[in-house]
Amino acid sequence: MGRQAAAGRRKDPVQFRESKMARHQSARTVRAPSQRALRVGEVIRHALAEILSRGEVRDEVLASHVVTVPEVRMSPDMRLATAYVIPLGGRDVGPVLEALERNQRFIKGEVARRINLRYAPDIRFRRDDTFEEASRIEALLRSEKVRRDLEGGRQDKDDRHDG
């Protein structure tokens, strides 16, 4: 009887594996970057900023723009670095990204010389939208509708404290 009762309680192996995978996958999507990934991303960001500010990349488009690198995010395995870049003033983003992609091999080699990692990560360049997002939020907060809601909230709070 003991074995039958234990067999009845056992989970189906396929069902058990799927539930375990689901937990593992959901944890992976929510997980924040490790301290090492943050540190390596910052080191790569500094190396990229130095390379671009000194004009070490021989490209007409990059020579005519000041490029800011506000953030570099590392993949969990440290093999891919995503560099978020924006030209000063936010103009000509497309040509600047194309120039960075054209010179990607040279930039990767220069970054590899400057950092001390077992493998130099591949670097991909993306447009940094944080300034635009901040401007959008700022405009929303200044809008008349939000101002009215805030004023209405203050009056409700005052009415509750008065009574």
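What counts as what
Positions within a chain are numbered from 1, following the residues in the order the chain's sequence is written. Per-residue local features are limited, in this predicted model, to residues with pLDDT of at least 70; the limit for side-chain atom pairs, both in listing and counting, is 80 or more; totals at the level of whole chains, interfaces and linings are taken over all residues. Side-chain descriptors were evaluated using all non-hydrogen atoms of the structure, hydrogens and water having been removed beforehand. Here, a salt bridge means any side-chain nitrogen of Lys or Arg that lies within 4 Å of a carboxyl oxygen of Asp or Glu. Each helix is a run of DSSP H or I of at least 4 residues and each strand a run of E of at least 2, with the numbering of both proceeding from the N terminus. Burial status follows relative accessibility: with a 1.4 Å probe on protein chains alone, a residue under 20% of its type maximum counts as buried, one over 50% as exposed, and anything between as partly exposed. When DSSP locates at least two bridges between a pair of strands, those strands are taken to pair. Axis lines are fitted to C-alpha atoms, over the contacting stretch for helices. Their N-to-C directions set the angle, which ranges from 0 to 180 degrees. Any two residues having at least one pair of non-hydrogen atoms within 4.5 Å are treated as being in contact. Along the chain, pLDDT gives the predictor's confidence residue by residue, from 0 to 100. Note: the arc covers the axis-to-C-beta directions of the helix.

1. Points about the pattern of salt bridges
And step 1. Inspection of the entire model under this criterion finds 14 salt bridges.
And step 2. The partner of Arg-113 in a salt bridge is Glu-110, with the nearest N and O atoms 2.9 Å apart. Here Arg-113 pairs with Glu-110, and both are found in helix H6 (residues 104-114), just three residues apart, close to one helical turn.
And step 3. A relative accessible area of 61% places Arg-113 in the exposed class.
And step 4. The class for Glu-110 is buried, based on a relative accessible area of 12%.
And step 5. Note that Arg-142 is salt-bridged to Glu-138, the shortest N-O span being 3.3 Å. Linking Arg-142 with Glu-138, this pair stays in helix H7 (residues 130-142), spanning four residues, or about one helical turn.
And step 6. One salt-bridge network, in which partners are shared between bridges, spans Glu-50, Arg-54, Glu-56, Glu-110, Arg-113 and Arg-114.

2. Describing the sheet that holds strand E2 (residues 80-87)
And step 1. Pairing is mixed across the open sheet formed by three strands, whose spatial order is E1-E2-E3. With one partner strand each, in any of the chains shown, strand E1 (67-74) and strand E3 (122-127) form the two edges of the open sheet. In this sheet, adjacent strand axes meet at a mean angle of 30 degrees when their direction is disregarded.
And step 2. The pairing of E1 with E2 spans six bridges and is classified as antiparallel. Paired with Val-72 across the bridge in E2 is Ala-83.
And step 3. Each of E1, E2 and E3 is contacted by helix H3 (residues 35-53), which is oriented at about 155 degrees to E1, the strand it contacts most.
And step 4. Along the sheet, helix H5 (residues 93-102) contacts E1, E2 and E3; its crossing angle with E3, the most-contacted strand, is approximately 175 degrees.

3. Quick notes on the confidence of the model for the protein chain
Detailed reading of the predicted coordinates is not advisable wherever pLDDT is low.
And step 1. Model confidence for the protein chain is summarised by a mean pLDDT of 81, while 75% of its residues fall at 70 or above.
And step 2. The low-confidence segment residues 16-23 (pLDDT under 50) makes one contact with residues lying over four places distant or belonging to another chain.

4. Looking at H5
And step 1. Within the sequence span of H5, burial applies to Val-93, Val-96, Leu-97, Ala-99 and Leu-100. Down the axis of H5, the buried set is contained in an arc of 160 degrees. They therefore lie on one face. Within H5, the exposed residues directed more than 90 degrees away from the buried face are Glu-98 and Arg-102.

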